There are 2 protein chains.
Amino acid sequence: MASTVEGGDTALLPEFPRGPLDAYRARASFSWKELALFTEGEGMLRFKKTIFSALENDPLFARSPGADLSLEKYRELNFLRCKRIFEYDFLSVEDMFKSPLKVFGSAVYSSGSERHLTYIQKIFRMEIFGCFALTELSHGSNTKAIRTTAHYDPATEEFIIHSPDFEAAKFWVGNMGKTATHAVVFAKLCVPGDQCHGLHPFIVQIRDPKTLLPMPGVMVGDIGKKLGQNGLDNGFAMFHKVRVPRQSLLNRMGDVTPEGTYVSPFKDVRQRFGASLGSLSSGRVSIVSLAILNLKLAVAIALRFSATRRQFGPTEEEEIPVLEYPMQQWRLLPYLAAVYALDHFSKSLFLDLVELQRGLASGDRSARQAELGREIHALASASKPLASWTTQQGIQECREACGGHGYLAMNRLGVLRDDNDPNCTYEGDNNILLQQTSNYLLGLLAHQVHDGACFRSPLKSVDFLDAYPGILDQKFEVSSVADCLDSAVALAAYKWLVCYLLRETYQKLNQEKRSGSSDFEARNKCQVSHGRPLALAFVELTVVQRFHEHVHQPSVPPSLRAVLGRLSALYALWSLSRHAALLYRGGYFSGEQAGEVLESAVLALCSQLKDDAVALVDVIAPPDFVLDSPIGRADGELYKNLWGAVLQESKVLERASWWPEFSVNKPVIGSLKSKL
Amino acid sequence: MASTVEGGDTALLPEFPRGPLDAYRARASFSWKELALFTEGEGMLRFKKTIFSALENDPLFARSPGADLSLEKYRELNFLRCKRIFEYDFLSVEDMFKSPLKVFGSAVYSSGSERHLTYIQKIFRMEIFGCFALTELSHGSNTKAIRTTAHYDPATEEFIIHSPDFEAAKFWVGNMGKTATHAVVFAKLCVPGDQCHGLHPFIVQIRDPKTLLPMPGVMVGDIGKKLGQNGLDNGFAMFHKVRVPRQSLLNRMGDVTPEGTYVSPFKDVRQRFGASLGSLSSGRVSIVSLAILNLKLAVAIALRFSATRRQFGPTEEEEIPVLEYPMQQWRLLPYLAAVYALDHFSKSLFLDLVELQRGLASGDRSARQAELGREIHALASASKPLASWTTQQGIQECREACGGHGYLAMNRLGVLRDDNDPNCTYEGDNNILLQQTSNYLLGLLAHQVHDGACFRSPLKSVDFLDAYPGILDQKFEVSSVADCLDSAVALAAYKWLVCYLLRETYQKLNQEKRSGSSDFEARNKCQVSHGRPLALAFVELTVVQRFHEHVHQPSVPPSLRAVLGRLSALYALWSLSRHAALLYRGGYFSGEQAGEVLESAVLALCSQLKDDAVALVDVIAPPDFVLDSPIGRADGELYKNLWGAVLQESKVLERASWWPEFSVNKPVIGSLKSKL
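Residues numbered from 1 in each chain as written. Chains lettered and ligands numbered in written order. Predicted model: local features only at pLDDT ≥ 70, side-chain atom pairs only at ≥ 80, totals over all residues. Heavy atoms only, no water.

A word on the overall build of chain A
Moving on, step 1. Helices and strands together make up the secondary structure of chain A, namely 25 helices and 11 strands.
Moving on, step 2. By residue count, 57% of the 676 residues in chain A fall in the buried class.
Moving on, step 3. Considering only residue pairs separated by 6 or more positions, chain A has 74% of its internal contacts joining residues 24 or more positions apart.
Moving on, step 4. Looking at chain A as shown, the accessible area adds up to about 26500 Å², and 55% of this sits on carbon and sulfur atoms.
Moving on, step 5. The average position of the 73 basic charges and that of the 75 acidic charges among the side chains of chain A differ by 4 Å. (Helix = DSSP H or I, 4+ residues; strand = E, 2+ residues; numbered from the N terminus. Buried < 20%, exposed > 50% of the residue type's maximum accessible area, 1.4 Å probe, protein only. Contact = heavy atoms within 4.5 Å. Areas by Shrake-Rupley, 256 points an atom, 1.4 Å probe, with all protein chains shown as cover. Lys, Arg positive; Asp, Glu negative; His and termini not counted. Charge placed at Lys NZ, Arg CZ, Asp CG, Glu CD.)

Here it is in C-alpha cells:
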C-alpha cells in the first residue's frame, strides 16, 4: 500500500524501530497508521505530536529513572512544569472553539459574571493561583451538609466567611496545600434576619501572592501525602471571620443587593440545582477521559511486555511469548477492547456535553435543553464509575500480567494505578453516583406508568425502552460460537437486561414502600441488588451501542472493519458475561449452551485478536518518552531496556550510606545462639 | 458476666476508650473478649501483647506521621529495626517446637547439611546476611530455564559460578540490593564431560561483611524502587567465573564427590522434584497468612471509619453512620467474614504443613507422606491465589469505602495494598499456581477412571468426590431466605460445583486431545474456562468446609455460636454467589428464585452482622500503635484523630521552599492574554 493511503507522511506517524515486536507487527491484519488516522484524525495527531515533541526537547520534562524526589522537590518540579505548559500556549482560544475535543478536561466552569473577569485575566497571567474549596473534613458526598458560613453585613457590604469548628474545615482542596492564593469557597449564604439560601461560591484570598504567606484569619495548610497524584498539594483551610467584599460572591446562581436582599434568576432551589447539573457532568465526563488515558498506557505496557516475554513452551527447548497463552489473552485483550470502546464513548459524550454547554451559554431554556441536561447527567454519573473501575481493574490485571517486572516502580504500572484511584472517589463516590442513573431511569418508568409518557431522550439512549414488554419476551437464540462473534448479539442481550432490571427495580421499590419503608429506606434497600446493576447495565449498553454504530458506519475503511468489529464484539460480550447469572435468572438464557457459547465467544475473539494486539497498541500508545516504561518501549527490547534503566539509576552499584552499621555492635542472640 | 469468663484479666484485653464507637459496641451480640480468647487462645494473646508492648516502648519503632523518608533512609531504619527484633529474641527454640503457630512465616527451609551449620550460626549472630537467588532477568515462573551455571573443576575442587549474559543476571532477589553478604544461588550443576544435573543451590559470598563491597567477579546492585515493600532492597547479580569451594553446594538433594562424580539420594529428577514440593508449599502457606494479615488491618480501618463517618440520613437534619447503609455493609462485611474464614484456614493449613515437615525431618518415605505432600501442595497452590486476590480486592474496596480519607497516605490503606500486591506474584504467579491444583484434581479423576481408585487424601479434602455421580444429580432446593442463612447450604452447592467443573474439565481436556492438541496445548486451552474456576472452587470449598466445622464444633461457647455461624454463612454464600452463572449453567440452580434467594441471603446476613461489626473488628485489630491509622483508631474519634495527625505533620503550615519562584519571571501568555 502507498504511504498516503496508509497514514499520510511518515513524519507524522514514523515507522517503529525494528526488533522483537516485528513478528507480531507483520502478522497484523490491518495498517496501524490507517487506524490511527481513522481514530484520531490528522489534526489531532499533529496536535499531539507538537506537544509531545516540545516536552521531549525541554529539559524540564526530562525523565529521570529511579529519581527519589522528596514530596517538596516533586511539587516544585510539578509547579515549574505547569508554568512552562502555560508558556507553551499550545492552544489558542480560536482552536478551542473550532475543535472542542482538544480542551477535553481543561474546561473551567465559570460560575461568576463580568465583574470577575479580572480574576480570570490574573489566572491566565499566573499572578494568582486558584482552588475550588467545597468539601470539608466531615462532609464530602452530602454537600448539603456543608457548614462553612458566609453572613452578609450590609453595614460594610461584606460577607463574613467562617468555619464553625475544625470538622467544618475545608479539606482535600487541590492546590490549597501550598500554592493557591485564592479559593472559590462554598459556604452557606445568610442575609440579615438569619435567612439562609444554601451553598454559594465566594472568591476568598487565602495567601499573599508575593510571599505565599496566609492572609489574616485564614489557617491554611497541607493535608499530606496521598496514595498518588502527589504533584498536587491538597490542602485544608479554616476561616476565622474573614471579611470579603460583596462582589466576591460568584453570582451566576444568586446574588445579594448592597442592602442585603437575596436575588436569584431561578425561581426555586430545585431549579437552581438543576441548572448546576451541567457543571457536575463536565467534571465527570473529564474523569472518564482521564481514566481511559490511564488504561491506555497500562494496556500498552502490558501487551508489549506480553509479546516479548517468553516463558515455557511446547518443548523444554522452545519458549513462546506469553501473549500466545489463552490465559494471558483473556486477562489483557478485553481491556484493550475496553480502551477502544470507552475512548470512543468518552469523546462522543464530550461532544454531547459541548452541545449542552452551548445551549446554556446561549440561554436556551427549552424542554429539550433540560432533558438533555438530565440525560447527560445520567450518562456521566454512570460512565464515570464504569470507566474508573474498568481502569482500576485493568491496571491491576496489567500489573499482575507483567509479573514481578510489573511491580518495579520504573515500569510505571504502580503510578498509573495510584493516579487513577481517586477517579473512583472524587466528583462523587462511584456507588453513590450510580444512584443518580438508576433514579433517572426509574423516574422515566414512573412517568410512563403514571402518565403514559413515551421513553424519549435527546440522545436517544433510552428510546429502546418504549418496547420493553416485547423485549422482555425475547430469549437468547444463538446456538453457535460463530454466530455469537458480533456486538449485535450483546446489544440485544443488554437491551433485555436493562428492561429486566428496570422492571425488577421498580417493582422491588414499590414493594418496599408498600411494606412501610420510607422513600429513603426503600431506595437504600434496593440499590445493591437492583439499582446498581441497572445503572451499570444501562451505561454499558450505551457504550456498546455507540461503539457498535461507530464501527459499522459506512465511512469505516474496509480494511479496518474486521478488526474493529472484533474489538466491538469482544468488549460487548466480555462485559455482558459478567451479567450471565442475571441473564439466566431472568430467563433470557436457559440451558448449558447459552453460557458456554458466550464464554467460548469471548475466548475465540481473544484468539482472533492476539496477532493484532501489538498493532492495536501501536495506535493508542504515545511515544516512548511519554509512555516512559522500559518494559513497554516501542522497540520491544524488553531486557535491554530494563537492564539499561536499572543501571542508569543513581547509586545502583553503591553501598548504602549506612553500611558501617552493618558490622558494628553485633548483637548476641541469647537463647537461639546458646542452642545451636 | 464475670471478667474471667469474658476474657481473663483486663490487662491482657483492656477495655477500649469510650467514644463514638460505644453505640455499636453496646449493640454487639457477644463479648469481644470471649471471642478473642476463643480465636487466639490466651498464650497467643500474651505473646502478641509482649511483642506489641516492646515495640511501642522502643523509640526505634516510633511512628512518624507524614515522614517523607528517602528510600535510603527508609531502608536504614528497616535494617536497624530488623536487627533490634533479632535482639529482642521474642521466641526461643523450645517455644518454636512447642507452639509452631508462633513461627508462622519465619520457617527457614534448609536445603544443606551439617557442614553448613556454621553459616546458620553466623546468620543468627548477624555476622552474615543471606539472600535467595533463584529468578533471573528473563526467567521467573519457568525455573527449569534458569541459565546461571556451576561447573565443577576437580583440579581445585571448586565450582565456577557464571552468568552467561545479562539476561541471566539474578534479578528480584530480596536483600541482595544493598545488604546481603551471601547468596544461595541456584545454578545448573555441571560436572566434567558436560554432564548437567539441573538446578542446585550454592552458597556464594557476594560482599565483604566488613565493608559491604562486592567480592571479585560479582557485579551486584539494587533494582530500584518498587510499588511497595521498599524497606526491602531487591537486587541483581551477575557472576563472572566466580570460584567457590566444593562444599558450597547445599547438598541435601544432590552432591559432587571431590573427583567430580554426581551423587543423589534420589533415584530420578522427578523424585527429587517431588521432595522439594514441601519447601514450595511452606512459602505459599506463609503468603496466605501475610495476605490475611493485610486484609485484617484494612477491614479494621474501614469498618471503624464506617461506624463513625456520618453522611446523609432519613431527614436533612439527621445523618447516620455510613455502616447503616446496605450498600456499605455489602461492600465491607463479606471481607470481614473472609478474614475470619481465611484466617482459620491459614492456621489449619500451617498445622498440616508442620505435620508434613515433621515427616520429612524424620525420614518418612511412606505413601501417605507422599500423598500428604501432594495434597498440601494442591491446597497451598490455590489458597495463595485465593487469599492474595481476596485481600487485593478487599483492600481496594476498603480504600474506596473510606472515600477521600482512604486515599490519604497516613490512613494506611495504600501501603497495605502496595505491600500485599506482590503476594499475587511471588512464589508463583496466581494464575499459574492454580494449574497445579486443577492438575492435582484431574490426576485423581484419571486415576479413578482408569484404575478404579477411590478419592482419598490424608486431609480428606477430596474424599467427597467419591460420590460425584450422585452429587451431580443434586439440585438447589432452598426456597426461602431464612433456610439459606447457613454455610451448610453453600457447602452442598460447592460440592456440586467442584464435581461439575471437574467432570467438565476432564471431558474438555480429552476432547481437545482427541481433536489433535498436544498435552501442552490442550491444558492451555482448558485453563481459562475450566481449570481456573475448578481450582478456585475447590479451595473455596475447603476453606468453607473447615470454617463450617470449626464454628459448629461442640467446644464453641454458646454465646458465640450465632455470630460465628453468620460469619461462616456470609463468607460461604458470598463466595458462592460469584459462581451463580455456573450453578445455573450446569442446572444446579433453576428458576428466578434460586438466584434471588442467594442474593437476599447475603444481604440479610450483612444486615444481621452490622451491629456486631465493630466488636468483630475489636477482636482482630491490633493496638492503635500497630494499626497506625488515624481513621481506624479504637476510640472512634475519627475527625479529632485525623485533624490531629494532619497538624502533626512536618511543614504542614509552612510555605513551600520554592515559594519565591511563584512570583518571579511571570510568563506572558501570548494568544490567550491578547484575547482577553
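A word on the confidence of the model for chain A
When pLDDT is low, close inspection of the predicted coordinates is not appropriate.
All names here are of chain A.
Moving on, step 1. Residues at a pLDDT of 70 or more form 92% of chain A, whose mean pLDDT is 91.
Moving on, step 2. Within the model, the stretch residues 103–109 combines pLDDT values under 50 with 12 contacts to residues more than four positions away or in other chains.
Moving on, step 3. Scored below 50 in pLDDT, residues 667–676 makes 24 contacts in the model with residues more than four places away or belonging to other chains. (pLDDT = per-residue confidence, 0-100.)

Points about the environment of glutamine 507 of chain A
Moving on, step 1. Topologically, glutamine 507 of chain A is positioned in helix H16 (residues 487–514).
Moving on, step 2. Separated by 438 residues in sequence, glutamine 507 of chain A and leucine 69 of chain A have C-alpha atoms that sit 56 Å apart.

Some remarks on the relation of the copies chain B and chain A
Moving on, step 1. Superposing chain B onto chain A takes a rotation of 180° plus a shift of 0.0 Å along the axis, which leaves an RMSD of 0.0 Å. What the superposition gives is, in effect, a two-fold axis relating one chain to the other. Residue alanine 581 of chain B, judged by its C-alpha, is the member of chain B lying nearest the rotation axis, at 2.0 Å.
Moving on, step 2. Most of the interface of chain B is mirrored in chain A: 100% of its interface residues are interface residues there too. (Least-squares fit on C-alpha atoms with pLDDT ≥ 70 in both.)

Brief notes about the sheet that holds strand E8 (residues 235–239) of chain A
Moving on, step 1. One open sheet accounts for three strands, arranged E4-E8-E7 (chain A); its pairing is antiparallel. The sheet is open, and its two edges are formed by strand E4 (170–173) and strand E7 (218–222) of chain A, each paired on a single side. Each neighbouring strand pair of the sheet contributes to a mean axis angle of 15°, computed without reference to strand direction.
Moving on, step 2. Across five bridges, E7 of chain A lies against E8 of chain A in antiparallel orientation. Paired with methionine 219 of chain A across the two strands is methionine 238 of chain A, which belongs to E8 of chain A.
Moving on, step 3. The sheet strands contacting helix H23 (residues 638–648) of chain B are E4, E7 and E8 of chain A, and the helix crosses E8 of chain A at an angle near 105°. (Pairing = 2+ DSSP bridges. Axes fitted to C-alpha atoms, helices over the stretch in contact; angles between N-to-C directions.)

Regarding the side chain of arginine 532 of chain A
Moving on, step 1. Within the secondary structure, arginine 532 of chain A sits in helix H17 (residues 519–551).
Moving on, step 2. Buried within the structure, arginine 532 of chain A lacks any salt-bridge partner; its nearest side chain of opposite charge belongs to glutamate 397 of chain B, at an N-O separation of 5.9 Å.
Moving on, step 3. Residues in contact with arginine 532 of chain A, not counting those within four places in the same chain, are Trp389, Asn431, Leu434 and Gln527 of chain A together with Met327 and Trp330 of chain B. (Salt bridge = Lys/Arg side-chain N within 4 Å of Asp/Glu carboxyl O.)

Structural notes on unusual backbone geometry
Phi is mostly negative for residues that are not glycine, and the peptide bonds are mostly trans.
Moving on, step 1. Here the phi dihedral of arginine 412 of chain A falls at roughly 80°; this positive angle occurs in a residue that is not glycine.
Moving on, step 2. Within the secondary structure, arginine 412 of chain A sits in the loop between helix H11 (367–401) and helix H12 (413–420).
Moving on, step 3. Unusually for a residue other than glycine, asparagine 175 of chain B sits at a positive phi of about 80°.
Moving on, step 4. When you line up the elements, asparagine 175 of chain B lands in the loop between strand E4 (170–173) and strand E5 (182–191).
Moving on, step 5. Its relative accessible area of 22% is what places asparagine 175 of chain B among the partly exposed residues.

Notes on empty space enclosed by the protein
All names here are of chain A.
Moving on, step 1. This structure, assessed with the given rule, holds seven cavities of 30 Å³ or more.
Moving on, step 2. Within this model, the second largest cavity holds a volume of roughly 60 Å³.
Moving on, step 3. Gln435, Ser438, Asn439, Leu442, Thr505, Leu509, Arg523, Asn524, Cys526, Gln527 and Gly531 together form the lining of the second largest cavity.
Moving on, step 4. Of all the secondary structure elements, the ones that give two or more residues to the lining of the second largest cavity are helix H13 (430–451), H16 and H17.
Moving on, step 5. Grouping the constituent residues of the lining of the second largest cavity by class yields three nonpolar, seven polar and one charged. (1 Å grid on protein atoms, 1.4 Å probe; cavity = no way out; pocket = protein on both sides within 12 Å on 5 of 7 lines; lining within 4 Å. Points joined across faces, edges and corners; volume = space filled by probe spheres on them. Nonpolar A, V, L, I, M, F, W, Y, C, P; charged D, E, K, R; others polar.)

Some points on the interface of chain B and chain A
Moving on, step 1. Taken together, the 143 residues of chain B in the interface contact 143 residues of chain A.
Moving on, step 2. Both faces considered, chain B and chain A share a buried interface measuring about 13200 Å² in area, 62% of it formed by carbon and sulfur atoms.
Moving on, step 3. Looking at the side of chain B facing chain A, the largest losses of area belong to Tyr407, Trp643 and Phe662 of chain B, adding up to 7% of the total buried there.
Moving on, step 4. Our count for the contact surface shared by chain B and chain A stands at 12 salt bridges.
Moving on, step 5. There are 61 residue pairs in polar contact (both at pLDDT 80 or more) connecting chain B and chain A.
Moving on, step 6. Residues of the side of chain B that touches chain A, tallied by class, amount to 62 nonpolar, 36 polar and 45 charged. (Buried area = accessible area lost by both parts, 1.4 Å probe. Polar contact = N/O pair within 3.5 Å; in protein donor to acceptor, adjacent residues only side chain to side chain.)

A closer look at the packing of helix H3 (residues 32–40) of chain B against helix H4 (residues 42–56) of chain B
All names here are of chain B.
Moving on, step 1. With their axes 6 Å apart at the nearest point, H3 and H4 run at an angle of 100° to one another. When the axis of H3 is compared with that of H4, the two are roughly perpendicular. Residues Ala36, Leu37 and Glu40 of H3 form the contact with H4, whose own contacting residues are Glu42, Met44, Leu45 and Lys48.
Moving on, step 2. Broken down by class, the residue content of the contact of H3 with H4 amounts to four nonpolar, no polar and three charged. (Parallel < 35°, antiparallel > 145°, perpendicular 65-115°, else oblique.)

Some thoughts on the pairing of strand E9 (residues 242–245) of chain B
Residues and elements named next belong to chain B.
Moving on, step 1. Every second residue of E9 is oriented toward a common face, the buried set being Val242 and Val244 and the non-buried set Arg243 and Pro245.
Moving on, step 2. Pairing geometry for strand E3 (residues 158–162) and E9, over four bridges, is antiparallel. Each residue of the ladder has a partner; that of phenylalanine 159, found in E9, is valine 244.

Side note on the state of the cysteines
Cysteine pairs can be linked by a disulfide, which is a covalent bond between their two sulfur atoms.
Residues and elements named next belong to chain A.
Moving on, step 1. Per the counting criterion, the structure on display carries two disulfides over all chains.
Moving on, step 2. Each disulfide pairs two cysteine sulfurs, and for cysteine 190 the partner residue is cysteine 196, the sulfurs being separated by 2.2 Å. Taking the torsion about the sulfur-sulfur bond, which here is approximately 95°, the covalent link between cysteine 190 and cysteine 196 counts as right-handed.
Moving on, step 3. Looking at cysteine 190, the relative accessible area reads 3%, which means it is buried.
Moving on, step 4. Of all cysteine sulfurs in the structure, the one in cysteine 398 sits closest to cysteine 402, which takes part in no disulfide; the separation is 6.6 Å.
Moving on, step 5. Classification of cysteine 402 by relative accessible area gives buried; the value is 2%. (Disulfide = S-S within 2.5 Å.)

A look at the pairing of strand E1 (residues 130–133) of chain B
All names here are of chain B.
Moving on, step 1. What you see with E1 is a clean split: Cys131 and Ala133 sit on the buried side and Gly130 and Phe132 on the side with no burial.
Moving on, step 2. The pairing of E1 with E5 spans four bridges and is classified as parallel. From the neighbouring strand, cysteine 131 faces E5, where its bridge partner is alanine 183.

Structural notes on the sheet that holds strand E8 (residues 235–239) of chain B
Moving on, step 1. The strand order across the open sheet formed by three strands is E4-E8-E7 (chain B), and the pairing between neighbours is antiparallel. Single-partner strands in this sheet number two, and they are E4 and strand E7 (218–222) of chain B. Direction aside, neighbouring strands of the sheet carry axes that sit 15° apart on average.
Moving on, step 2. Sheet contacts for helix H23 (residues 638–648) of chain A: E4, E7 and E8 of chain B; angle to E8 of chain B, the most-contacted strand, approximately 105°.

A short note on the packing of aromatic side chains
Moving on, step 1. One pass over the full model with this rule turns up 43 aromatic pairs over all chains.
Moving on, step 2. Residues phenylalanine 520 of chain A and tyrosine 325 of chain B carry aromatic rings whose centres are separated by 5.9 Å and whose planes lie at 75° to one another, so their mutual orientation is edge-to-face. Placement of the pair is phenylalanine 520 of chain A in helix H17 and tyrosine 325 of chain B in the loop between helix H9 (277–308) and helix H10 (326–361), with the two residues belonging to separate chains.
Moving on, step 3. A residue is classified by how much of its surface remains accessible, and phenylalanine 520 of chain A, at 23% relative accessible area, is partly exposed. (Phe/Tyr/Trp six-rings, centres within 6.5 Å; stacked < 30°, edge-to-face > 60°.)

As for the side chain of asparagine 294 of chain B
Moving on, step 1. Mapped onto the secondary structure, asparagine 294 of chain B falls in helix H9.
Moving on, step 2. Asparagine 294 of chain B has contacts with Thr391, Ile395, Leu416, Asp419, Asn420 and Asn423 of chain B, leaving out every residue within four places of it along the chain.

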